[in-house]
Amino acid sequence: MEAPELLSPAGTVKNMRYAFAYGADAVYAGQPRYSLRVRNNDFRVDNLHEGIAYAHERGKAFYVASNTAPHNSKLRTYLRDMEPVIEAGPDALIMSDPGLTMMIRERWPDQVIHLSVQSNVVNYAAATFWQRQGIRRIILSRELSLQEIGQIRAECPDLEIETFVHGALCIAYSGRCLLSGYFNRRDPNQGTCTNACRWKYHTVTAAEDETGDLVPANAAHDASGIWTPGQDRRQDGGMIASAGGREGQDTLSALIEDRSRPGEPMPMYEDEHGTYIMNSKDLRAVQHVPRLAEMGVTSLKIEGRTKSPYYVARTAQVYRRAIDDAMAGRPFDMRLMDELENLANRGYTEGFYRRHVHDEYQNYELGHSVGVHQQYVGEVLGYDPARGVLDIDVKNRFEVGDGMELMLPGGNRRFALERIENKRGEAVGVAPGSGHVVRIPVPGEAIAPERIEFALLMRDLA
């Protein structure tokens, strides 16, 4: 049995470095103009060259996402903009649009192409079709069960298969969502998703005006006739109005207001099937790594190109251990699921991998992040091995007496914090938060310099 590749997200060069330090075999990034991550993405051409070179120097792989749903304007510039990317030597392009795929294959026939999850492959016939078009790897749709993945693997033995194991899930078919475009005119399929499915909404009683549009019912107006936000709202955020609707339909109508955009209500309808604005739990499938490895999945993918270095490091570390355990024949370590609880999450789900979840995993199906018992509090800037002290760039508050974990490539170290010094060497009781640099002692043997470069600090929560 060959070990599956561990594929981590790289929204930034820094995140890429952390991914490799903590065990990733490969990373994926994308040009802002042609991938689905415009924001928090510093992989312009120069950084793509730097990143690809960095990966190859370490025997790692670097994939470039080029998976936008392009309109005509992007076609005119595509091949020109891709020339310096191809020159950098990416191990594969991740693509979804047949037209762009055709253009790449005609211009650069030897370039390896992986089919993006945006293409929604859910059966072996579709996988075979794309393989015949010269696609080397299929990134399967998130909506597949373990059994269905196994069937595709069996029917397409010579095709590389990649599947997601961790990260955000879309309230759409593997990402083809229109909410952000509808609400904000920011098209998710062009890389500008505002994650509208995850906003916290208030509802406002609505009624139809003479033109059939929804307007606030019984709303307060000032002298200029402008609606005053925050009026006529139920505190629990529930639906409160029955307005509009169509004859013969039992339809509720309301205006919803995102708390960060007061005064900008948006229409919402609810029928007997409910509403379609939801906040999905996050995918966590580390417990299925042994099964996926056994069936011969080529690559296990972690979502999160807009996440922090801590997220990238923690997920890479945990899934690396899960893969290594599986390859060594060791039983799955349930503590790995606990370690992922330390990441901020919206509650975890294993997605569609199993249709009926066994009782063994019920405790890990919580609706909120109540299991979080650690917080990321600092990045290590330097280390004095003679004194056994670390210089910490503080990200979140911590204090003397806290239980701490120093996260290191190759293994973590736990200790109780006995002292904090400020930049003047004075003892202080608290590291207040972001913007401060402090020094703390770490008991135990000296830490190798190559491990310190990517060290991160966490504190235990009470």
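This is a predicted model, so every value here is computed, not measured. Every chain is numbered independently, its residues counted from 1 as its sequence is written. This being a predicted model, a pLDDT of at least 70 is required before a residue's local features are given, and a value of 80 or more before pairs of side-chain atoms are given or counted; all residues contribute to the totals for chains, interfaces and linings. Think of the side-chain values as coming from all heavy atoms in the structure, minus any hydrogens and water.

### Regarding the packing of aromatic side chains
- The pairing test for Phe, Tyr and Trp rings, Trp by its six-membered ring, is centres within 6.5 Å, and the orientation test on the planes gives stacked under 30 degrees, edge-to-face over 60, and tilted for anything in between. Considering all chains together, one arrives at six aromatic pairs under this definition.
- Ring geometry for Phe20 and Tyr54: centres 6.3 Å apart, planes at 20°, overall stacked. Of the two residues, Phe20 sits in helix α1 (residues 13-21) while Tyr54 sits in helix α2 (residues 45-57), which places them 34 residues apart along the sequence.
- The buried label applies to any residue whose accessible area, calculated with a 1.4 Å probe on protein chains only, is under 20% of its type's maximum; exposed applies above 50%, and partly exposed to all values in between. According to the relative accessible area criterion, Phe20 is buried, its value standing at 7%. Counting from the N terminus, the helices are DSSP H or I runs at least four residues long and the strands are E runs at least two residues long.

### Quick word on the packing of α1 against α2
- Between the N-to-C directions of two axes lies an angle of 0 to 180 degrees, each axis being a line fitted to C-alpha atoms and, for a helix, fitted only over the stretch in contact. At a minimum axis separation of 10 Å, α1 and α2 run at an interaxial angle of 10°. In terms of axis orientation, α1 runs roughly parallel to α2. Contacts between α1 and α2 involve Val13, Met16, Arg17 and Phe20 from the former and Asn47, Glu50, Gly51, Tyr54 and Ala55 from the latter.
- Each residue gets one of three labels, nonpolar for Ala, Val, Leu, Ile, Met, Phe, Trp, Tyr, Cys and Pro, charged for Asp, Glu, Lys and Arg, and polar for the others, Gly among them. Here the residues of the contact of α1 with α2 are counted per class, giving five nonpolar, two polar and two charged. What sets the label is the angle itself: under 35 degrees gives roughly parallel, over 145 gives roughly antiparallel, 65 to 115 gives roughly perpendicular, and the rest give oblique. Two residues form a contact once any of their heavy atoms are found within 4.5 Å.

### Points about α2
- The end-to-end C-alpha distance of α2, which contains 13 residues, comes to 18 Å, matching closely the 18 Å that a straight helix rising 1.5 Å per residue would cover.
- For α2, the set of buried residues is Leu48, Gly51, Ile52, Tyr54 and Ala55. Along the long axis of α2, the arc covered by the buried residues comes to 160°, so they all point the same way. Seen from the buried face of α2, the exposed residues on the opposite side, beyond 90 degrees, are Asp46 and Glu57.
- Looking at the buried residues of α2, the elements they touch are α1, β3 (61-66) and α3 (72-87). Take the number of residues in a helix, subtract one, and multiply by 1.5 Å to get its expected span. Arc, as used here, means the arc of the directions from the helix axis to the C-beta atoms.

### Digging into the environment of Arg413
- As for its placement among the helices and strands, Arg413 is situated in strand β19 (residues 413-416).
- A sequence separation of 30 residues divides Arg413 from Pro443, and the C-alpha atoms of the two residues are 9.2 Å apart.
- For Arg413, the residues in contact, after removing those within four places along its chain, are Met404, Glu405, Leu406, Val442, Pro443, Gly444, Glu445, Ala446 and Ile447.
- In the analysis that follows, any N or O atom pair within 3.5 Å is treated as a polar contact, provided that within protein one partner can donate a hydrogen and the other can accept it, and provided that, for residues neighboring in sequence, both atoms belong to side chains. A polar contact is formed between the side chain of Arg413 and the backbone oxygen of Pro443, at a distance of 3.1 Å.
- One polar contact links the side chain of Arg413 to the main-chain carbonyl oxygen of Glu445, over a distance of 2.8 Å.

### As for the confidence of the model for the chain
- Per-residue confidence for the chain gives a mean pLDDT of 83; residues scoring 70 or more make up 75%.
- As a per-residue measure, pLDDT reflects the predictor's confidence and takes values from 0 up to 100. For residues 271-276, every residue scores under 50 in pLDDT, and the model assigns this stretch nine contacts once sequence neighbours within four places are set aside.

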